[in-house]
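Reading the structure
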Amino acid sequence: MDLASFIRDIPDFPEPGIMFKDITPLLGSPSAFDYALDQMMMPYEGIDVDYVAGIESRGFILAAPLAVRMDAGHVPIRKPGKLPSKVERIEYALEYGTDALEVHVDAVQPGSTVVIADDVMATGGTAAAAVELMNRLGAHVVGLSVLIELSFLEGRSKLSGVEIHSLITY
Ligand code: AMP
């Protein structure tokens, strides 16, 4: 299946100069969504994965069904101020300014295995922050699984040592 045909390019969203990769056509097709989930989990077949962590917010749409398929728990990695219990927090640099992500400190146990999922890896800063959060909790990140990789932004350079699995590369 040609998954790229289910991704819509929206120019200048959310700001001028950004080509937004809109995954909603893929989500709206049961066969494409099902196929994408199968492909996203493929590298982890036969591997004991305890959790699939999703990065807010489109990461949740992928990570939650992946977790159920992989017989793993789902861990939401959220924007600041959303999680009600005690959190670990990481701040990371954006092109302009900083952003932050949080996760419940008891979301994973030390030594547990985690796959991180998101829709798009662009500069890799968000994914690298998610990996660092999981490492701080003592988890082992088995891999990062994304639908789309914008390879010209060289996100992989921020994620050395992390196994990256992407379905569509631009
Ligand atoms: P980055 O930290 O630069 O890798 O950005 C990754 C995060 O921003 C992901 O959670 C994506 O959902 C979102 N993102 C970045 N660039 C795009 C894009 N061109 N289209 C859609 N989402 C994007």
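Up top you'll find the structure we're talking about.
Description of the structure in this document. (Residues numbered from 1 in each chain as written. Predicted model: local features only at pLDDT ≥ 70, side-chain atom pairs only at ≥ 80, totals over all residues. Heavy atoms only, no water.)

Some words on the side chain of Asp119
Summarising the element assignment, Asp119 is placed in strand E7 (residues 113-121). Among the polar contacts made by the side chain of Asp119, one reaches the side chain of Arg58 at a distance of 2.4 Å. Ignoring sequence-local partners within four residues, the contact set of Asp119 consists of Ile23, Arg58, Gly59, Leu62, Val146, Leu147 and Ile148. (Helix = DSSP H or I, 4+ residues; strand = E, 2+ residues; numbered from the N terminus. Polar contact = N/O pair within 3.5 Å; in protein donor to acceptor, adjacent residues only side chain to side chain. Contact = heavy atoms within 4.5 Å.)

Side note on the sheet that holds strand E4 (residues 73-77)
What the five strands build is an open sheet, ordered E4-E3-E7-E8-E9; its pairing is parallel. Looking along the sheet, the strands with just one partner apiece sit at the ends: E4 and strand E9 (164-169). Across the sheet, the axes of successive neighbouring strands diverge by a mean angle of 20°, strand direction being ignored. Sheet strands touched by helix H2 (residues 30-41): E7, strand E8 (140-149) and E9. Its angle to E9, the strand with the most contacts, is close to 145°. (Pairing = 2+ DSSP bridges. Axes fitted to C-alpha atoms, helices over the stretch in contact; angles between N-to-C directions.)

Some details on helix H4 (residues 125-136)
With twelve residues, H4 should cover 16 Å at 1.5 Å per step; its first-to-last C-alpha distance of 16 Å lies within 8% of that length. Listed in full, the buried residues belonging to H4 are Gly125, Ala127, Ala129, Ala130, Val131, Leu133 and Met134. Elements that come into contact with the buried residues of H4 comprise strand E3 (51-55), E4, strand E5 (87-93), strand E6 (98-104), E7 and E8. Of the residues one or two after H4, Gly138 is the one with positive phi, at around 85°. (Expected span 1.5 Å × (residues − 1). Buried < 20%, exposed > 50% of the residue type's maximum accessible area, 1.4 Å probe, protein only.)

Focus: the packing of H2 against helix H3 (residues 58-69)
Contact geometry of H2 with H3 gives a least axis separation of 10 Å together with a crossing angle of 70°. It follows from the interaxial angle that H2 and H3 lie roughly perpendicular. In this structure, H2 meets H3 at a crossing whose hand is right-handed. Of H3, the residues touching H2 (which contributes Phe33, Asp34, Leu37, Asp38, Met40 and Met41) are Ile61, Leu62, Pro65, Leu66 and Arg69. (Parallel < 35°, antiparallel > 145°, perpendicular 65-115°, else oblique. Left-handed = near helix turned anticlockwise from the far one by under 90°.)

Quick word on the side chain of Asp22
As for its position among the elements, Asp22 is in strand E2 (residues 19-22). A polar atom in the side chain of Asp22 sits 2.9 Å from the side chain of Thr24. Ignoring sequence-local partners within four residues, the contact set of Asp22 consists of Phe6, Ile7, Arg8 and Ile10.

Comments concerning H3
Within the sequence span of H3, burial applies to Gly59, Phe60, Leu62, Ala63, Leu66 and Ala67. Structurally, H3 contributes buried residues whose contacts are with H2, E3, E4, E7 and E8. Two residues or fewer after H3 comes Asp71, characterised by a positive phi angle close to 55°.

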